[in-house]
Amino acid sequence: MCMDHTFKCSCGAQEVSITFRCEILPPETLMGLYCPVCSKGVTFNPDTMIADNGWILEYEMDIARLMAKSLPAEHLRNLSPEVIFDEDYCSWRGIYPNDHMDSLREKEEIVSIARVNPKQYLQEIKAWANTRMERLKGQGWRKAHERVTV
């Protein structure tokens, strides 16, 4: 089971949902969260941080290593900020901060078609998903690049 937790960035201007895959790592793994505004004053450390389109997530790697016993062997051997973020052990809930709310809003109209014309619904939801992912890739979101189009 994945639970999400809400965190504020360092300057307090942004609040985002972070998911912790299977609750393997605790919320204390996220030591710092910096939005595009407050990240400008941060010295990036690739040993503890991941950058995503102006945002920086800083991990407490000692806690991650201590709690990572339940990770698959290949993730445990190569535990890094990239593995933690890309494998959703401590990452955005969705493709970017607050994506889960934006995507629901975006597809509300398409979902209404499902009851009336299921075939059209399937075509439109596929087109929406592919177009959206290409847009997010173009914007530079890290998780958009790992997804495969439908």
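It should be emphasised that the depicted structure is a prediction, and the values quoted were computed from it without experimental measurement.

**Q** I would appreciate a short explanation of the pattern of salt bridges in the present structure.
**A** Working definition: two side chains of opposite charge can pair if their charged atoms are close together. Throughout the structure, instances matching the rule amount to nine salt bridges. E87 is the salt-bridge partner of R21, the closest N and O atoms lying 3.5 Å from each other. Here the residue R21 occupies a position in the loop between β2 (15-20) and β3 (30-34), and E87 occupies one in the loop between α3 (81-86) and β6 (91-92), the gap between them amounting to 66 residues. Under the relative-accessibility criterion, E87 is labelled partly exposed at 30%. The salt bridge involving R135 is made with E106; its shortest N-O contact spans 3.3 Å. Placement of the pair is R135 in helix α5 (residues 118-139) and E106 in helix α4 (residues 99-116), with a sequence separation of 29 residues. The class for R135 is partly exposed, based on a relative accessible area of 36%. In the salt-bridge network here, residues are joined through shared partners; they are D99, E106, R132 and R135.

**Q** What is the right way to look at the sheet that holds strand β5 (residues 55-59) in this model?
**A** Two modes of strand pairing occur in sheets, parallel and antiparallel, and in both the strands are linked by backbone hydrogen bonds. Read from one edge of the open sheet, three strands run β3-β5-β4, paired in antiparallel fashion. Each edge of the sheet is formed by a strand with only one pairing partner; in this case those strands are β3 and β4 (49-52). Pairs of neighbouring strands in the sheet enclose a mean axial angle of 15°, with direction left out of account. Bridging between β3 and β5 involves four bridges; their strand directions are antiparallel. The residue bridging L33 from the neighbouring strand is L57, located in β5.

**Q** I would appreciate a short explanation of the side chain of D52 in the present structure.
**A** With respect to the secondary-structure elements, D52 resides in strand β4. Despite its burial, D52 remains without a salt bridge, the nearest opposite charge being carried by R142 at 6.1 Å. At 2.7 Å, the side chain of D52 and the backbone nitrogen of R142 are in polar contact. Non-local contacts of D52, meaning those with residues more than four positions away in its chain, are made with F85, W92, I95, G140, W141 and R142.

**Q** Explain the environment of E23 to me, please; I cannot follow it from the model alone.
**A** Along the polypeptide, E23 turns up in the loop between β2 and β3. Sequence separation between E23 and R142 is 119 residues; the distance between their C-alpha atoms is 22 Å.

About the criteria used
- Residues numbered from 1 in each chain as written.
- Predicted model: local features only at pLDDT ≥ 70, side-chain atom pairs only at ≥ 80, totals over all residues.
- Heavy atoms only, no water.
- Salt bridge = Lys/Arg side-chain N within 4 Å of Asp/Glu carboxyl O.
- Helix = DSSP H or I, 4+ residues; strand = E, 2+ residues; numbered from the N terminus.
- Buried < 20%, exposed > 50% of the residue type's maximum accessible area, 1.4 Å probe, protein only.
- Pairing = 2+ DSSP bridges.
- Axes fitted to C-alpha atoms, helices over the stretch in contact; angles between N-to-C directions.
- Lys, Arg positive; Asp, Glu negative; His and termini not counted.
- Polar contact = N/O pair within 3.5 Å; in protein donor to acceptor, adjacent residues only side chain to side chain.
- Contact = heavy atoms within 4.5 Å.

Any functional reading would require information beyond the geometric quantities listed.
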